[in-house]
Amino acid sequence: MARWCYRHRLVVLVLWVGALFGLGAAGTSAGTDYSNVFSLPDTDSKQAYDLMTKAFPRSSGDTDTVVWRSSGDAGSVTDTAVRSRIEPALKEIAGMRGVGEVVGPYDAKNAAQISRDGRTAFAQITFTDQANGVPKDLVQKVVDTARDAERDGLRVELGGQAITRIQEPPTGVSEVVGIAAAAVVLFLAFGSLFAMLLPIVVAIMGVGSGMMATMLLSHVTNVPEVAPLLGSLIGLGVGIDYALFIVTRHRRGIQRGLEPEESAVRALNTSGRAVLFAGGTVCIALAGMLVMNLRFLDGVVIATSLTVVLSVLAAITLLPALLGLLGRRVLSRKQLRKLAAAGPDPAEASGPAARWSAYVQKRPRSIAAMALVVMAVLALPVLSLRLGATDQGNNQESTTTRQAYDLLAEGFGPGFNGPLQVVVPGGADTTELVRTIRATDDVAQAAAAPPAGGITVIQVVPKTSPQSVGTDRLIDRLRDDVIPEAGVEAHVGGVTAVFKDFASVTGDRLPYFVGAIIGLGFLLLLIAFRSLVVPLTAALMNLIAAAASFGVLVAVFQWGWGTEFLGIGKEGPITAFLPVIMLSLLFGLSMDYQVFLVSRMHEEWVHTGDNARAVRVGLAETSRVINCAALIMICVFSAFVLSGDMEGAMAGIGLAAAVALDAFILRTALVPAAMHLLGRSNWWLPGWLEGRLPHLAVEPAEPPAESPAGPRKNTPHKNTPHKNTGPRKNTEHIQTAEHIKTAEPEKSGTGGATVVHGFLRTADGDPLAGASVTLVSRGGRQLDRVTSIADGSYIVSVPAPGAYILAVTARGLASRAHHVTVGSGPLVYDVELTDEGAGLVN
C-alpha cells in the first residue's frame, strides 16, 4: 500500500482534500447538536430529575441572569435612581427577538430576588433556545444593553451558559498556537522546512476530518460539547507524533543510501507498522471508558477514537504520497550536500543519545532511584484528589460571568449559585419536612413551591458554595438522615447533586476502568514482545506516570499553585470525568512510547541474545525521536490552556505533565535502568504460554525471496543443526562490520533452498573447531545453528535466497555477526575471529 500511495501520490492527495472539504461542507450545513447528558441511572438525583420532568413537562430555553449591585451614594437597588436605569434595560431585553421571558425583582411576588441589605438584585432572562442555539449576536446585544445601565455606584454583570459563549476565545486559537509551537520544534529537529511541514499537514488533515465527522455524528448520538476539544487535542498530538516517527525513519534511510521510494516503503513497513499498533492501543485505551457505563463518556469515546483512526489513516496513506512529492527534498540542503560529498551515513548510533544510553547502563541503580524519588514527590498531592465539577465561579476574574457569580454569592450567600431541589412525589404534606430542612446545619434557606402534577419541589439554598465539601456533606445528610426521619419519600436533585453523584459513581467505577485498560495493554505487549516482564514493567510505569500527573493536576487546579500565572481562573475540585479521559489518553500515549522503545530493544535482543546491548542500543536509537515527539505533544497540550474552557485547560496541563514525565523520566531513565537491572529476565516467557499466544507482527515481515522456495536441499555434512530455541544463549558481545557486508554468491543454476558454508579461522590462520554458527533472519528468527568441525569448516542451511545475519561465537574470542545476501546457489563465506573487544552495533 505504501508503494502504491507513493507512486499515485496525486490521486491520494486529491482524495484526501476532497474528503476534507466534503465533510467540511456537510458539517457546516448541518451544524452541531452537542448535548451534555450528565444524568446517571439508579441515582437519587436522576430520580429527582425524572419526577420534575413529569411535573413540569414544558421545555424552555437557557436561563441566564442579570445581576446589579449599588454602592456608595447610589442607595439601594429599590431607589428610583437605580430602577430608572435598570427597568428600561430589562424591558428592552424582553422585547428582543429570541428572548422568551424576563423576570425582574420589582414585582411584589419576586421580592426574594433582592438581597436582605437591599444592595444586590437579579433578573432572570429565559431565551427561546438552549445555550448552543442562541445566536451570539443576540447574546452580545443582551450584554451590551444591560451593561449600558451602569453608572457610578451601580455595577451590572451577567451570568449563565449563553453568556459564557461570548467570552470564549475564537475557535481554533489553542490549536493554532499548538501547531505553531510544534512547527518550531520540528524545524529545529529536521532543519528542513519541507520536512517540518509534513507532520503538520498530516495532523491537520486527520484532525480536520475527525472534527467535521464529529459534527455530523452529533446529530445521530449524544456527543458532549467537550468531545471535539478533546478529540482535536489528542488528534493533533498523535497525528504529528506518528508522522514524525515515519518521516524520521524515511530521512534516515535516504541518508544511509536508499532511494527515496525504497526508503519510504521501508519506513512505512517498519515505523508504519508501529504506528498502526500504537494507534490501535490508543483506541483500545479510549474504548476502556465504556467500562464506566456513563452515557456522557460514550460521545467522548466516539469523537476521540474517530479522530485517532483518521490521523493514523492519514499517516499511512497521505504521508507516503507527500513523501513522493518531495523526493530528496525531505532532507535539508546541508544534509544533501553532505550525502553527495561523503556518501551514506554509517549505521552506528552516536551522539548525546548514545552517550546517555551508555551512562544508564553503567549506573542503573542510582538513575532508577533518582527517577523514583522524583515521581514519588510529584505524586504526593494525588492523596488530596477531590472530584467534583467546575462552574462559573472558576472562570477568570475579568469575565462578567465570574463577576456575576461573586455578586450573587456576596448578596445572597455562597450557596445561592448551586441550590438543591428536594422533590417529593405523591402529593405528601411537606410542611414538617420543610421545617426540618430549615433547622439542618449548613442550610441558609428552604421553601416549598406550589405542587404541580402531584409533585412538590422544595428549594434548598446551602450556606456553602456548590464546590464546597460542606455542600457534599449536606446532600448526604439530607438523604441519609433528614428525609428518612421525616417519614416521606423524597429525592435530592439539582445541578450540584447531579455532579456529586457523577463524581461518586466515577470514583466507584474507576478501579474497574483502570484494571481493564491495564489488562488490555498487558495482553497486547505480551503478544507483541513474547515476554511477561516487559508488559508488567509497562503497567507499573503507567501507574507511576498517572499518579505523578494527577499530583501535578491537583497542585495546579485544586490547590491553586500557579493559576494566576497560567490565567486559568479560580482553584476548585477536579472535574469528575477528567480522570477517566486522562487515564485513557495517558495509557494510550504511554503504550506508544513503550512500543517504539521496546520494539527496537526486542529487535536487537533476538539478533544477539545480549540484554545489556539490546537495552543500550534501543535507548540510543529511539530516545531522541521519543523526546522530540514528547516535546511536540507538550506544546500541543499546553496550548489548550488558551481554549477558554476549564475542562480543556485541565486536560491540557494534565496530559502535558504526563507526557513530559513519561518521556523524559520514565522511558529515558527509569525503564531502561530497570531493564538493565532485570537482565535476561526481561525476555522470559514460560514455554507453555509461548505455544498458546497468537503472533502479532509489530516488526516487518521477512524479506521476500528472490525465487520461490523449492524442496530443501540435502547437503551431507558432519555438523548437526540444533533446534530453533530463540535468541542464542551466549552472552558475549557480537561485533558487526561498520558497513553491511554483502558476499557475492557462487554461480549456480539451482534455486530454492541452498546453503552458506566456509571456514572459521583465528587471527593466526589456525582452524577454529567447536565454534557456534547461527543463521538468523532479518526479522530475528533463528533458522539454523551448527558447530564447526576439526578443520574449521561449517555449513548452515538457507531456506531461500535473500538477506540474512550470520552470527559466529567461540569461547575466549570476540563474537562476530555479518549481514550476508544469499543468491540462488551456495554461498562461500569465511570468517576470522580475534580476541579484540566488540565494536558498535548496527
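Enquirer: What exactly am I supposed to notice about the overall build of the chain here?
Expert: Helices and strands together make up the secondary structure of the chain, namely 24 helices and 19 strands. A buried classification covers 56% of the 842 residues belonging to the chain. Taking the intrachain contacts of the chain between residues at least 6 apart in sequence as the baseline, contacts between residues at least 24 apart amount to 78%. Counting only carbon and sulfur atoms, one obtains 57% of the accessible surface of the chain, whose full area is about 35700 Å².

Enquirer: Sorry, what's going on with the packing of helix α7 (residues 173-190) against helix α8 (residues 193-217) here?
Expert: The relative placement of two packed helices is expressed as an angle between their axes plus a distance between the axes. Where α7 contacts α8, the axes come no closer than 8 Å and their chain directions differ by 145°. For the pair α7 and α8, the crossing hand works out as right-handed. In this structure, α7 contributes Ile179, Ala183, Leu186, Phe187 and Phe190 to the contact, and α8 contributes Leu193, Ala195, Met196, Pro199, Ile200 and Ile204. A per-class count over the contact of α7 with α8 returns 11 nonpolar, no polar and no charged.

Enquirer: Can you help me understand the pattern of salt bridges in this one?
Expert: Pairing of side chains with opposite charge becomes possible as their charged atoms draw close. The tally for this structure, following the rule as stated, stands at 20 salt bridges. Linking Glu150 and Arg147 is a salt bridge whose minimum nitrogen-to-oxygen distance equals 3.6 Å. Here the salt bridges do not stand alone but share partners, grouping Arg3, Arg7, Glu261, Glu262 and Arg266 into one network.

Enquirer: Can you help me understand the sheet that holds strand β7 (residues 443-448) in this one?
Expert: One key point about sheets: their strands pair by backbone hydrogen bonds, in either a parallel or an antiparallel sense. Spatially, β7-β8-β6-β9 is the arrangement adopted by the 4 strands of the open sheet, whose pairing is antiparallel. The strands lining the two open edges of the sheet, one partner per strand, are β7 and β9 (491-493). Neighbour-to-neighbour, the strand axes of this sheet turn through a mean angle of 25°, independent of strand direction. Pairing of strand β6 (residues 420-424) with β9, which is carried by 3 bridges, proceeds in the antiparallel orientation. When the sheet's bridge partners are listed, Gln421 is paired in β9 with Gly493.

Enquirer: Would you mind showing me how to read the packing of aromatic side chains here?
Expert: The description of two aromatic rings rests on the distance between their centres and on the angle between their planes. Applying the stated criterion across every chain yields a total of 7 aromatic pairs. For the ring pair Trp605 and Trp683, a centre distance of 5.8 Å and an interplane angle of 15° mean the geometry is stacked. A residue pair is termed long-range when its members are at least 10 positions apart, and Trp605 in helix α21 (residues 578-608) and Trp683 in the loop between α23 (646-678) and α24 (687-690) qualify at 78 residues. Trp683 shares its class with Trp605; the two are buried. Through successive ring pairs, a cluster of aromatic residues spans Phe122, Phe412 and Phe416. Over the ring of Phe194 we find Arg329, and its NZ or CZ is 5.6 Å from the ring centre.

Enquirer: Would you explain a nonpolar patch on the surface in this entry?
Expert: A contiguous nonpolar patch, built from Val184, Phe187, Leu188, Leu193, Phe194, Leu197 and Val201 and spanning about 640 Å² of accessible area, is present on the exposed surface. Elements with a minimum of two residues in the nonpolar patch: α7 and α8. Ranked by the residues each element gives to the nonpolar patch, the list is headed by α8, at 4 residues. With respect to the helices, strands and loops of the structure, Val201 is situated in helix α8. Residue Val201 is classed as partly exposed on the basis of its relative accessible area of 34%.

Enquirer: Which parts of the structure should I look at to understand a positive patch on the surface?
Expert: On the surface, Arg333, Lys334, Arg337 and Lys338 cluster together to form a positively charged patch. Note on placement: Lys334 falls in helix α12 (residues 333-342).

Enquirer: Looking at this structure, I do not really get unusual backbone geometry. What am I missing?
Expert: Apart from glycine, the bulk of residues carry a negative phi angle, and the bulk of peptide bonds sit in the trans form. With phi around 70°, Asp442 is a residue other than glycine that occupies positive phi space. With respect to the helices, strands and loops of the structure, Asp442 is situated in the loop between α16 (431-438) and β7. Taking the relative accessible area as the measure of exposure, Asp442 reaches 25% and is therefore partly exposed. For Arg530, which is not glycine, the phi dihedral falls at a positive 50°. Along the chain, Arg530 turns up in the loop between α18 (495-529) and α19 (533-558). By relative accessible area, which is 13% here, Arg530 ends up buried.

Enquirer: Sorry, what's going on with helix α2 (residues 9-30) here?
Expert: At 3.6 residues per turn, the α-helix brings residues three or four places apart onto the same side. Its 22 residues give α2 an end-to-end C-alpha distance of 32 Å, which sits within 8% of 32 Å, the value for a rise of 1.5 Å per residue. All of the buried residues along α2 are Val12, Trp16, Leu20, Gly24 and Gly27. The arc enclosing the buried residues of α2, seen along the axis, measures out at 100°, which places them on a common side. Turned more than 90 degrees from where α2 packs its buried face, Leu10, Val14, Leu15, Phe21 and Ser29 sit exposed.

Cut-off values and rules
- Residues numbered from 1 in each chain as written.
- Predicted model: local features only at pLDDT ≥ 70, side-chain atom pairs only at ≥ 80, totals over all residues.
- Heavy atoms only, no water.
- Helix = DSSP H or I, 4+ residues; strand = E, 2+ residues; numbered from the N terminus.
- Buried < 20%, exposed > 50% of the residue type's maximum accessible area, 1.4 Å probe, protein only.
- Contact = heavy atoms within 4.5 Å.
- Areas by Shrake-Rupley, 256 points an atom, 1.4 Å probe, with all protein chains shown as cover.
- Axes fitted to C-alpha atoms, helices over the stretch in contact; angles between N-to-C directions.
- Left-handed = near helix turned anticlockwise from the far one by under 90°.
- Nonpolar A, V, L, I, M, F, W, Y, C, P; charged D, E, K, R; others polar.
- Salt bridge = Lys/Arg side-chain N within 4 Å of Asp/Glu carboxyl O.
- Pairing = 2+ DSSP bridges.
- Phe/Tyr/Trp six-rings, centres within 6.5 Å; stacked < 30°, edge-to-face > 60°.
- Lys NZ or Arg CZ within 6 Å of the ring centre and 35° of its normal.
- Patch = residues over 30% accessible without salt bridge, like charges linked within 9 Å, V, L, I, M, F, W, Y side chains within 5 Å.
- Lys, Arg positive; Asp, Glu negative; His and termini not counted.
- Charge placed at Lys NZ, Arg CZ, Asp CG, Glu CD.
- Expected span 1.5 Å × (residues − 1).
- Arc of directions from axis to C-beta.

Fair warning: the whole summary comes from geometry, so function is off the table for now.
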